[in-house]
Amino acid sequence: MSKLLSTLRQDFPAVTFVAGDTFHWSPKKQTVFYVDAGIDSESSTWSLLHELGHAVLEHQTFQTDFDLLMLEVSAWDKALALGKQYGVTINPDHVQDCLDTYRDWLYQRSTCPACT
């Protein structure tokens, strides 16, 4: 991923890439944060492209929980396209596993804690 990261820094000069504790996109700072540990793992590469997807799509904020899910879906779609562009194949099962965490979260928020 270090070679890819170098290429992305050149190809996306408006986006800053910074090592951090988690993978995430900060629209306020125009920064993609990535986890430096295990930087060469496949899933780290996929996460980096996903966060870059948020940046390229200029994701800012969301109003509803469903809006958040839609932002995540579109960022993964963009990551898949970026992956093709940079010769990275993102496992579709990984994408669905990540999206499932949001779907599960949405479901939990939609049920009454008293009566489920």
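Figured I'd write up the structure that's included with this text. Since this is a predicted model, take the numbers as computed values, not measurements. (Residues numbered from 1 in each chain as written. Predicted model: local features only at pLDDT ≥ 70, side-chain atom pairs only at ≥ 80, totals over all residues. Heavy atoms only, no water.)

What to know about the nonpolar core
Okay, so step 1: Counting residues in hydrophobic clusters, the biggest one holds 24 residues, and the most contacted among them are Leu 8, Val 15, Phe 17, Leu 49, Leu 52 and Ile 90.
Okay, so step 2: Counting residues per element, the ones that place at least two in this core are helix H1 (2-11), strand S3 (31-35), helix H2 (42-56), helix H3 (65-85) and helix H4 (92-110).
Okay, so step 3: Element by element, the count of residues in this core is highest for H2, at 5 residues.
Okay, so step 4: Setting aside chain neighbours within four positions, we find Phe 17 in contact with Leu 5, Leu 8, Arg 9, Phe 12, Val 32, Tyr 34, Leu 48 and Leu 52. (Core = buried A, V, L, I, M, F, W, Y, C linked by side-chain atoms within 4.5 Å. Buried < 20%, exposed > 50% of the residue type's maximum accessible area, 1.4 Å probe, protein only. Helix = DSSP H or I, 4+ residues; strand = E, 2+ residues; numbered from the N terminus. Contact = heavy atoms within 4.5 Å.)

Things to note about the pattern of salt bridges
Oppositely charged side chains may form a pair once their charged atoms are brought near each other.
Okay, so step 1: Applying the stated criterion to the full structure yields 1 salt bridge.
Okay, so step 2: Arg 103 is the salt-bridge partner of Asp 100, the closest N and O atoms lying 2.7 Å from each other. On the criterion of helical spacing, the pair formed by Asp 100 and Arg 103 is a turn pair, its members being 3 residues apart in helix H4.
Okay, so step 3: Using a relative accessible area of 30% as the deciding quantity, one classes Asp 100 as partly exposed.
Okay, so step 4: What makes Arg 103 partly exposed here is its relative accessible area of 32%. (Salt bridge = Lys/Arg side-chain N within 4 Å of Asp/Glu carboxyl O.)

Describing the pairing of S3
Okay, so step 1: Within S3, 5 of the 5 residues are buried, which leaves the element mostly enclosed by the surrounding structure.
Okay, so step 2: Burial of S3 is two-sided: the residues Thr 31, Phe 33 and Val 35 facing one way and the residues Val 32 and Tyr 34 facing the other way are all buried.
Okay, so step 3: In the sheet, strand S1 (residues 16-20) pairs with S3 via 5 bridges, with the strands oriented parallel. Considered in S3, the bridge of Thr 16 is made with Thr 31.
Okay, so step 4: Relative to S3, strand S2 (residues 24-26) runs antiparallel, the two being bridged by 3 bridges. Each residue of the ladder has a partner; that of Ser 26, found in S3, is Thr 31.
Okay, so step 5: As consecutive antiparallel partners, S2 and S3 are separated by 4 residues, and within that stretch Gln 30 has a phi angle of approximately 50°, a positive value. (Pairing = 2+ DSSP bridges.)

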